[in-house]
Amino acid sequence: MVGNGSAASREADREAVLAANQRLYEALENGDLEAVEDVWLSAADADDKTGVVCVHPGWPVLRGRAQVTRSYLLIMMNTEYIQFFLTDVEVEVQGDVALVTCTENILSGGEAEEEGELGPLVGGKVVATNLFRRTAAGWRLWSHHGSPVLTTGEDDEDGEGSGGLGGRD
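None of these values were measured; they are calculated from a predicted model.

About the cut-offs
- Residues numbered from 1 in each chain as written.
- Predicted model: local features only at pLDDT ≥ 70, side-chain atom pairs only at ≥ 80, totals over all residues.
- Heavy atoms only, no water.
- Helix = DSSP H or I, 4+ residues; strand = E, 2+ residues; numbered from the N terminus.
- Buried < 20%, exposed > 50% of the residue type's maximum accessible area, 1.4 Å probe, protein only.
- Areas by Shrake-Rupley, 256 points an atom, 1.4 Å probe, with all protein chains shown as cover.
- 1 Å grid on protein atoms, 1.4 Å probe; cavity = no way out; pocket = protein on both sides within 12 Å on 5 of 7 lines; lining within 4 Å.
- Points joined across faces, edges and corners; volume = space filled by probe spheres on them.
- Nonpolar A, V, L, I, M, F, W, Y, C, P; charged D, E, K, R; others polar.
- Phe/Tyr/Trp six-rings, centres within 6.5 Å; stacked < 30°, edge-to-face > 60°.
- Expected span 1.5 Å × (residues − 1).
- Contact = heavy atoms within 4.5 Å.
- pLDDT = per-residue confidence, 0-100.
- Pairing = 2+ DSSP bridges.
- Axes fitted to C-alpha atoms, helices over the stretch in contact; angles between N-to-C directions.
- Arc of directions from axis to C-beta.

1. Examining the overall build of the protein chain
No. 1: The helix and strand inventory of the protein chain stands at 3 helices and 6 strands.
No. 2: Each helix and strand of the protein chain, ordered N terminal to C terminal, gives the series α-α-β-β-α-β-β-β-β.
No. 3: When each of the 169 residues of the protein chain is scored for burial, the buried share is 31%.
No. 4: For the protein chain, the computed accessible surface area is about 10200 Å², with 50% contributed by carbon and sulfur atoms.

Structure, rendered in structure tokens:
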């Protein structure tokens, strides 16, 4: 394996990538589109048609800053509440590219039965792959791919419900 500098610099890169990854989820939780855009590669590195790629669960491939930004705007406009609990977070840094894989345990507000009321909380799981590139401005997201974790919703052998996005009619 080719070294990426000292152990201290490798650990610093790893921590910086983890921080960039966390900024994405915090921006989404806060409904801050400007902060979401800042996590992605800038216009200097990616234009409105190429340079970044995003796949949300159940969506087609989105390419370019315009489509990716629009997708997050739509998600934020149609989600009253969202919170991410990241588990199984793994980071691998190779030179100027870093790969983060994680499970997004998502808690979001469902549709209210009646107008003016809060809807129920809905849980789901998505396995995500986030690919970052080192830039002059720090680590920036290059590609995000999320795949739903399909579950039956029935009790498993331990007697705990598995929940998740799949299995609901």
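2. A look at the layout of surface pockets
Any space left empty among the atoms is revealed by the rolling of a water-sized probe across them.
No. 1: Roughly 670 Å³ of volume is contained in the largest pocket.
No. 2: Surrounding the largest pocket, 31 residues form its lining, Ile75, Thr79, Ile82, Phe84 and Ile106 being those nearest its centre.
No. 3: Every element with two or more residues in the lining of the largest pocket is listed here: helix 1 (7–30), helix 3 (65–77), strand 3 (82–94), strand 4 (97–109), strand 5 (121–135) and strand 6 (138–148).
No. 4: Tallying contributions element by element places helix 1 first for the lining of the largest pocket, with 5 residues.
No. 5: When the residues that make up the lining of the largest pocket are grouped by side-chain class, the tally is 15 nonpolar, 12 polar and 4 charged.

3. Remarks on the packing of aromatic side chains
For any two aromatic rings, the description comes down to two numbers: the centre-to-centre distance and the angle of the planes.
No. 1: Tallied over the full model, the rule gives 2 aromatic pairs.
No. 2: Residues Trp40 and Tyr72 carry aromatic rings whose centres are separated by 6.3 Å and whose planes lie at 55 degrees to one another, so their mutual orientation is tilted. Here Trp40, found in the loop between helix 2 (33–39) and strand 1 (53–55), pairs with Tyr72, found in helix 3; they are 32 residues apart in sequence, far enough to count as distant.
No. 3: A relative accessible area of 4% means that Trp40 is categorised as buried.

4. Considering helix 1
In an α-helix, one full turn covers 3.6 residues, which means residues spaced three or four apart are oriented alike.
No. 1: End to end, helix 1 covers 34 Å across 24 residues, agreeing with the expected 34 Å (1.5 Å per residue, within 8%).
No. 2: Regarding helix 1, the residues found buried are Asp13, Val17, Ala20, Asn21, Leu24, Tyr25, Ala27 and Leu28.
No. 3: Elements in contact with the buried residues of helix 1: helix 2, helix 3, strand 3, strand 4, strand 5 and strand 6.
No. 4: Following helix 1 by one or two positions, Gly31 has its phi on the positive side, about 65 degrees.

5. Focus on the confidence of the model for the protein chain
No. 1: Residues of the protein chain with pLDDT of at least 70 account for 86%, and the chain-wide mean is 88.
No. 2: Across residues 155–169, where pLDDT falls below 50, the model places 27 contacts with residues more than four positions away in sequence or in other chains.

6. Observations regarding unusual backbone geometry
No. 1: Unlike most non-glycine residues, Asp88 shows phi in positive territory, near 55 degrees.
No. 2: Inspection of the secondary structure assignment puts Asp88 in strand 3.

7. Some details on the sheet that holds strand 1
No. 1: Taking strand neighbours across the sheet as the criterion, the 6 strands line up as 2-1-6-5-4-3 in an open arrangement whose pairing is mixed. Strands at the two margins of the open sheet, each flanked by one partner only, are strand 2 (62–63) and strand 3.
No. 2: Relative to strand 3, helix 1 is tilted by about 155 degrees, and along the sheet it contacts strand 3, strand 4, strand 5 and strand 6.

8. Structural notes on helix 3
No. 1: In a regular helix each residue adds 1.5 Å, so 13 residues correspond to 18 Å; helix 3 covers 18 Å between its end C-alpha atoms and thus fits that length.
No. 2: All of the buried residues along helix 3 are Arg65, Val68, Thr69, Ser71, Tyr72 and Met76. Taken end-on, helix 3 shows its buried residues confined to a sector of 155 degrees, consistent with a single buried face. Exposed positions of helix 3 whose direction lies more than 90 degrees from the buried face are Arg70 and Met77.

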